[in-house]
Number of protein chains: 2
Amino acid sequence: MNEFEVLFEALKITEPTLQKEILTHGVLGQYPKGVFVVEQDKYIKWLAIVIHGSVRVWQEEEEREILLYYVNPLETCSLSLAATFKDYKSLVHARTENNTTLIKIPVRFVKQWSFEYQSWFRFTTQSFITSYEDLLMSYKSLAFKRIGERLYDYLIYSKELSENKIHISHKALANELGTTREVISRLLKQMEEEGRLKLHFKMIELINS
Amino acid sequence: MNEFEVLFEALKITEPTLQKEILTHGVLGQYPKGVFVVEQDKYIKWLAIVIHGSVRVWQEEEEREILLYYVNPLETCSLSLAATFKDYKSLVHARTENNTTLIKIPVRFVKQWSFEYQSWFRFTTQSFITSYEDLLMSYKSLAFKRIGERLYDYLIYSKELSENKIHISHKALANELGTTREVISRLLKQMEEEGRLKLHFKMIELINS
DNA sequence: AGTCGATTGTGACATTTAGCACAATTTACT
DNA sequence: AGTAAATTGTGCTAAATGTCACAATCGACT
């Protein structure tokens, strides 16, 4: 099954004409880690849908940055989607995290198809909704939880996406959570003493409780 | 011009059949301050669109609550909208803040119309997008700004909605911003000393700079 | 005028998080 | 093995915010 067929199946795109449109106008591409998919303050030309790999989406403001979310397989960046609908510049940066396969759709079709094809409508609507809910979770987390808990949540989440061993530096973790390296180091050390994880060089091993 | 005509004009609902549908199935109602429009964990039966007044939307969790947004005239609660599309229970509470006029649409039409009528599609899509952007702003604010600045932002925002005199207690302010009364009292006092505002009993007067 | 409950002011202190400094450790590369 | 750069550990201190206690003030109502 090729990438387009994967997409059609996952999004339940059954309309033959839409399939044909996507095959005609969509562009399949494979990108190494670290490639910018969209850049903040630039116009969006394509809506990217992740097939394999993942894309990190964040905002930058006055030297500081804030992680918004990751786009995982068969999802799209809903802020790009929003930008597509409003035809404005991107509010965010997005960059591949791994070797990533994308299908890119020119923006001029994205809105139009939403009104023409049920399945595409469902896809765009669901994207908005799930992104909104994700952001809401992050917001609540930031509002209610202390860094320690947010850190642990992040590790658990990363574990679910891969395995027990999370390959990341303390500095990078601090960046993801919007704090400083020292804070992360101290909290991790504490968790290690509590037996919840084990620290290695640039790698954290979670211990099943 | 009656409330429905206001709605049609604001949302650019020009399709005669949609107008007729809304007139047939929509319910116009006026509610005093403090009435629950939706309740967390309950099923949504109606999508409420505010005509006059405003609705406060928030989440509760373990005794604490978090303000999400206000629904102002000619807007709808996008979380209700999301719930409508996914047919699940409400994630939030919503309550009228003032004497408020609403038009309520039974949920079974909301999704269907989005695909049938351009104007309704635009309305629902725009609602999602603007809500998402609002939440994003709040998220950034929470992540980057200190309470003092968030407090001042809140006051400025309230002022824009009404006038220079904001009628609210320190306790209520603390609640809106997710902090405690003492913190608010101290910060307000400090701002008063800086000449940015003047404190009265249950009222704050902003000073134009 | 007097009472009561809600609101506001404020000092003292605790906790959480951030920032600085510097040492120790690990990896990569010669 | 030896060096450089990145990463990690940690003591000390500062800033922001939260908590407790209690007094003062205000408004509503008798």
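Chemist: Quick question: what am I supposed to make of the interface of chain B and chain A here?
Modeler: By a widespread convention, an interface's size corresponds to the accessible area lost as its parts come together. Taken together, the contact between chain B and chain A spans 37 residues of the former and 37 residues of the latter. With both sides pooled, the region where chain B packs onto chain A buries about 3,800 Å², and carbon together with sulfur makes up 74% of that total. Summed over the three residues of chain B that lose the most area to chain A, namely B:Phe115, B:Tyr132 and B:Tyr139, the buried surface amounts to 23% of that side. Inspection of the region where chain B meets chain A yields 4 salt bridges. Across the salt bridge formed by A:Glu61 and B:Lys140, the nearest N and O atoms sit 2.6 Å from each other.

Chemist: Help me understand the domain arrangement of chain A in this model?
Modeler: All names here are of chain A. In terms of domain boundaries, chain A breaks down into domain 1 (3–143) and domain 2 (145–206). Look at where the C-alpha atoms of domain 1 and domain 2 centre, and you get two points 28 Å apart. Contact residues are listed per partner, giving 10 residues for domain 1 and 8 residues for domain 2. Of the roughly 720 Å² buried between domain 1 and domain 2 on both sides combined, carbon and sulfur atoms contribute 36%. Between Arg56 and Glu176 there is a salt bridge, with the nearest N and O atoms lying 2.3 Å from each other.

Chemist: Sorry if this is basic, but what is going on with the pairing of strand E5 (residues 64–71) of chain B here?
Modeler: The side chains of a regular strand alternate, first on one face of the sheet and then on the other. Residues and elements named next belong to chain B. Across the 8 residues of E5, 6 count as buried, placing the element largely inside the fold. With 7 bridges joining them, strand E4 (residues 55–61) and E5 adopt antiparallel strand pairing. Within E5, the residue paired with Val57 across the bridge is Tyr69. Joining the antiparallel neighbours E4 and E5 is a turn of 2 residues, in which Glu62 adopts a positive phi near 45 degrees.

Chemist: What's the story with the nonpolar core in this structure? I'm lost.
Modeler: One recurring pattern in soluble globular proteins is that nonpolar side chains are buried together. Counting 50 residues, the largest nonpolar core has A:Ile22, A:Ile105, A:Trp120, B:Ile22, B:Ile105 and B:Trp120 as the members making the most contacts within it. Excluding residues that lie within four positions of it along the chain, B:Ile22 makes contacts with B:Phe4, B:Leu7, B:Phe8, B:Ile13, B:Ile105, B:Trp113 and B:Trp120. A:Tyr132, B:Ala48, B:Ile66 and B:Leu68 belong to the second-largest nonpolar core, a separate cluster that totals 44 residues.

Chemist: When you look at the layout of surface pockets in this model, what are you seeing that I'm missing?
Modeler: Unoccupied space between atoms shows up once a probe the size of one water molecule is rolled over them. Looking at the largest pocket, its volume works out to about 1,600 Å³. Where the lining of the largest pocket is concerned, the elements lending two or more residues are strand E5 (64–71), helix H5 (118–144), helix H6 (147–161) and helix H7 (170–177) of chain A together with helix H5 (118–144) of chain B. Tallying contributions element by element places H5(A) first for the lining of the largest pocket, with 16 residues. Tallied by class, residues from the lining of the largest pocket come to 23 nonpolar, 10 polar and 16 charged. Each pocket or cavity is described by its volume, and for the second largest pocket that value is around 1,300 Å³. Along the wall of the second largest pocket there are 41 residues; nearest its centre are B:Leu68, B:Asp134, B:Met137, B:Ser138 and B:Ser141. Residue contributions to the lining of the second largest pocket peak at 12 residues, all from H5(B). Of the residues in the lining of the second largest pocket, the class split is 18 nonpolar, 10 polar and 13 charged.

Calculation criteria
- Residues numbered from 1 in each chain as written.
- Chains lettered and ligands numbered in written order.
- Predicted model: local features only at pLDDT ≥ 70, side-chain atom pairs only at ≥ 80, totals over all residues.
- Heavy atoms only, no water.
- Contact = heavy atoms within 4.5 Å.
- Buried area = accessible area lost by both parts, 1.4 Å probe.
- Salt bridge = Lys/Arg side-chain N within 4 Å of Asp/Glu carboxyl O.
- Domains from an automatic or database assignment.
- Buried < 20%, exposed > 50% of the residue type's maximum accessible area, 1.4 Å probe, protein only.
- Helix = DSSP H or I, 4+ residues; strand = E, 2+ residues; numbered from the N terminus.
- Pairing = 2+ DSSP bridges.
- Core = buried A, V, L, I, M, F, W, Y, C linked by side-chain atoms within 4.5 Å.
- 1 Å grid on protein atoms, 1.4 Å probe; cavity = no way out; pocket = protein on both sides within 12 Å on 5 of 7 lines; lining within 4 Å.
- Points joined across faces, edges and corners; volume = space filled by probe spheres on them.
- Nonpolar A, V, L, I, M, F, W, Y, C, P; charged D, E, K, R; others polar.

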